[in-house]
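What follows is the residue order along each chain.
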Amino acid sequence: MMIADNNFSTVAVCTAIVIVLLNIFHPKRIHLLIKSHRARRELRKLCAQKQNDSSTTQDDDDRPRVSGIFIHPIKSMRPVSITETKFDKHGLLSDRRLMLVRPLPTPLHGSFAKGQATHRFFTQRQAPSLATIELTPVLSQDRTKILLKLSSKLSGSNDHAYIDTHPNTIKNYPVRYSAGVWSDVVEVADVGDDAAEYVASIVCKDDPSFKDVRVVSILESSMRKVSNKYCPDAARVGFFSDLPQGGLTDGFPILVATEASLELLNQKLKKKGKDSIPMSRFRPNIVIGGSNKAFDEDKWKAIKIGRGKDAVILHLVKGCPRCKQSCTDQLTGERGEEPVATLSEFRALGRSEEDVYFAQNAVLNGDSYNKGIQVGDPVTILTRGEAVWDMEDVQAE
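The paragraphs below set out a description of the structure included in this document. (Residues numbered from 1 in each chain as written. Predicted model: local features only at pLDDT ≥ 70, side-chain atom pairs only at ≥ 80, totals over all residues. Heavy atoms only, no water.)

### Some details on empty space enclosed by the protein
Summed over all chains, the structure comprises one cavity of 30 Å³ or more. Of the pockets and cavities examined, the largest cavity occupies roughly 30 Å³. Classifying every residue of the lining of the largest cavity gives four nonpolar, two polar and two charged. (1 Å grid on protein atoms, 1.4 Å probe; cavity = no way out; pocket = protein on both sides within 12 Å on 5 of 7 lines; lining within 4 Å. Points joined across faces, edges and corners; volume = space filled by probe spheres on them. Nonpolar A, V, L, I, M, F, W, Y, C, P; charged D, E, K, R; others polar.)

### A short note on the environment of L32
Structurally, the position occupied by L32 is in helix α2 (residues 27–57). Distance from L32 to L265, taken between C-alpha atoms, is 40 Å for residues 233 residues apart in sequence. (Helix = DSSP H or I, 4+ residues; strand = E, 2+ residues; numbered from the N terminus.)

### Thoughts on the sheet that holds strand β4 (residues 91–92)
Strand pairing in a sheet takes place through backbone hydrogen bonds and is either antiparallel or parallel in direction. The three strands are arranged β4-β3-β18 in an open sheet whose pairing can be described as antiparallel. The open sheet is flanked by β4 and β18 (372–374), the only strands paired with a single partner. Relative to β18, strand β3 (residues 84–88) runs antiparallel, the two being bridged by three bridges. When the bridges of β18 are listed, K86 appears paired with G372. (Pairing = 2+ DSSP bridges.)

### Considering the packing of aromatic side chains
Scanning the model with the defined rule gives seven aromatic pairs in all. Note on F122 and F210: the rings are 4.8 Å apart at their centroids and 75 degrees apart in plane angle, and the pair reads as edge-to-face. Taken together, the positions of F122 in strand β6 (residues 119–122) and F210 in the loop between α4 (193–203) and β12 (214–218) put the pair 88 residues apart, joining distant regions of the chain. Using a relative accessible area of 3% as the deciding quantity, one classes F122 as buried. Geometrically, the ring pair formed by Y357 and W389 is tilted, given 4.8 Å between the ring centres and 50 degrees between the ring planes. Of this pair, Y357 sits in strand β17 (residues 357–364) while W389 sits in the segment after β19 (379–384); the two residues are 32 residues apart in sequence, bridging distant segments of the chain. Accessibility expressed as a relative area gives 0% for Y357, which makes it buried. (Phe/Tyr/Trp six-rings, centres within 6.5 Å; stacked < 30°, edge-to-face > 60°. Buried < 20%, exposed > 50% of the residue type's maximum accessible area, 1.4 Å probe, protein only.)

### Re the pattern of salt bridges
For the coordinates displayed, the defined rule picks out 24 salt bridges. The partner of E134 in a salt bridge is R78, with the nearest N and O atoms 3.9 Å apart. With E134 in strand β7 (residues 133–138) and R78 in the loop between β1 (65–71) and β2 (80–82), this pair connects stretches of sequence that are 56 residues apart. What makes E134 partly exposed here is its relative accessible area of 39%. Here D296 ties to R384 by a salt bridge, and the two come within 2.9 Å at their closest N and O atoms. Separated by 88 residues along the polypeptide, D296 in the loop between β14 (286–289) and β15 (300–305) and R384 in strand β19 bring together distant segments of the chain. We classify D296 as buried; its relative accessible area is 12%. Beyond isolated ion pairs, a larger network of salt bridges with shared partners links K272, K274, E337, E338 and E345. (Salt bridge = Lys/Arg side-chain N within 4 Å of Asp/Glu carboxyl O.)

### Considerations on the side chain of R96
Locating R96 in the fold gives a position in the loop between β4 and β5 (98–103). Given a relative accessible area of 10%, R96 falls into the buried group. Polar side-chain contacts of R96 include one of 3.0 Å to the side chain of D95. At 3.4 Å, the side chain of R96 and the backbone oxygen of R283 are in polar contact. In contact with R96, other than residues within four places in its own chain, are H72, P73, K75, L248, T249, R283 and N285. (Polar contact = N/O pair within 3.5 Å; in protein donor to acceptor, adjacent residues only side chain to side chain. Contact = heavy atoms within 4.5 Å.)

### Observations concerning the nonpolar core
If you look at the biggest cluster of nonpolar residues, it comprises 50 residues, and the most contacted ones within it are V199, I286 and L314. Counting residues in each nonpolar core, the second largest holds 15 residues, with L262, L265, I277 and M279 among its members. (Core = buried A, V, L, I, M, F, W, Y, C linked by side-chain atoms within 4.5 Å.)

### Some remarks on the sheet that holds strand β11 (residues 184–190)
Taken together, the five strands give a closed barrel; going around it, the order is β5-β6-β10-β11-β12, and neighbouring strands pair in mixed fashion. Neighbour to neighbour, the strand axes of the sheet diverge by 55 degrees on average, direction disregarded. Sheet topology places β11 next to β12; three bridges connect them, and they run antiparallel. Bridge pairing in β12 places D190 opposite V216. Across the face of the sheet, α4 comes into contact with β5, β6 and β12 while running at roughly 125 degrees to β12. (Axes fitted to C-alpha atoms, helices over the stretch in contact; angles between N-to-C directions.)

### Concerning helix α5 (residues 259–271)
Compared with an ideal rise of 1.5 Å per residue, which puts 13 residues at 18 Å, α5 spans 18 Å between its outermost C-alpha atoms and is within 8% of the ideal. Within the span of α5, buried status applies to A260, S261, L262, L265, N266 and L269. Elements that come into contact with the buried residues of α5 comprise β13 (254–258), α6 (340–346) and β17. Of the residues flanking the end of α5, it is G273, one or two places downstream, whose phi is positive at about 75 degrees. (Expected span 1.5 Å × (residues − 1).)

### Considering α4
Along an α-helix, a turn takes 3.6 residues, which lines up residues three or four apart on a common side. Taken together, the buried positions of α4 are A195, A196, Y198, V199, A200, I202 and V203. Against the buried residues of α4 lie β5, β6, β7, β8 (147–152), β9 (160–164) and β12.

### Here's the deal with unusual backbone geometry
Cis geometry is found at the peptide bond from E338 to P339, where omega equals 15 degrees. The topology assignment puts P339 in the loop between β16 (312–321) and α6. Even without a glycine there, the phi angle at S94 is positive, about 70 degrees. Considering the arrangement of structural elements, one finds S94 in the loop between β4 and β5. The phi dihedral of R96 is positive, around 50 degrees, even though this residue is not glycine.

In structure tokens:
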């Protein structure tokens, strides 16, 4: 008992010393730390209150529910539908841990500076044929391997490639790049020639110059934080309230969409004599169905998925601007003008008329890491607020 008391006292003293030092040298940091922990505590109280209220006022069958969960093992390739998942520091497990890059021109002075991007991310925006590449997790009796199969109707039924995505394999890939993802630079590992040559055989159908494409993986040690402009206090991570990680996504680790919003969009398309579109055009991670009205998610600030202490809390931080990738058929790779043309008639909500929005970017609450969700989980709207759109001009490439 005495040993336990001594250990507790030691931890308390060390914590107090850290707080004092932070307050002396980084007063803004200690203020942020206090705000973050307070925000998470208040949200926990609100969850408990909502849990009690819902047990007496709302029929469980009437709640919004998770109707779909999707991961995109390689950024810009086809999604994989799953029934349950957990979250780690990069978002949904196995979501967008790999991506494609192309080398950047060597600087005039002959070498890249430290921290400068050597490669640039490469997506369906440049090569719509990527939508035809199907990703299939392969069961293996060898526990030292986690295989991902790549195949496409554009390459023939017998032509495919495999990538070993086991963490130990990724860690040991020898070739590393500094990859530019929008305005960020993240360290990645090249996963080998087989995958690169297979992907090149597909994307060269869009443009023969794409033959230099490479497939890369994020590393466990890679750091790419979300924008401070949009991150709520309760989403900050750990004792020091750091910004959460964004991984290889465009900006935020999770994308949430609702069936009601897609239904309204499809109604507008049908009135114009056009075909409806599937949710896959918007490449969400979590789809919510149920009693919510169209685009009600614009004003959701925090939602709870699941029940009790194991529930996951997400913060919806801003709308997701749509680009020509949403106009790409996710089965054939064919590109048209919809749905962006119709969205521009009623969802041009950004700084310019070209900035149209569908779905919401989200980050995990600081208490929700390593927890999980599954299809059918109830969704509780914890807080609401004003809709948030991009504070600057939307990037496009």
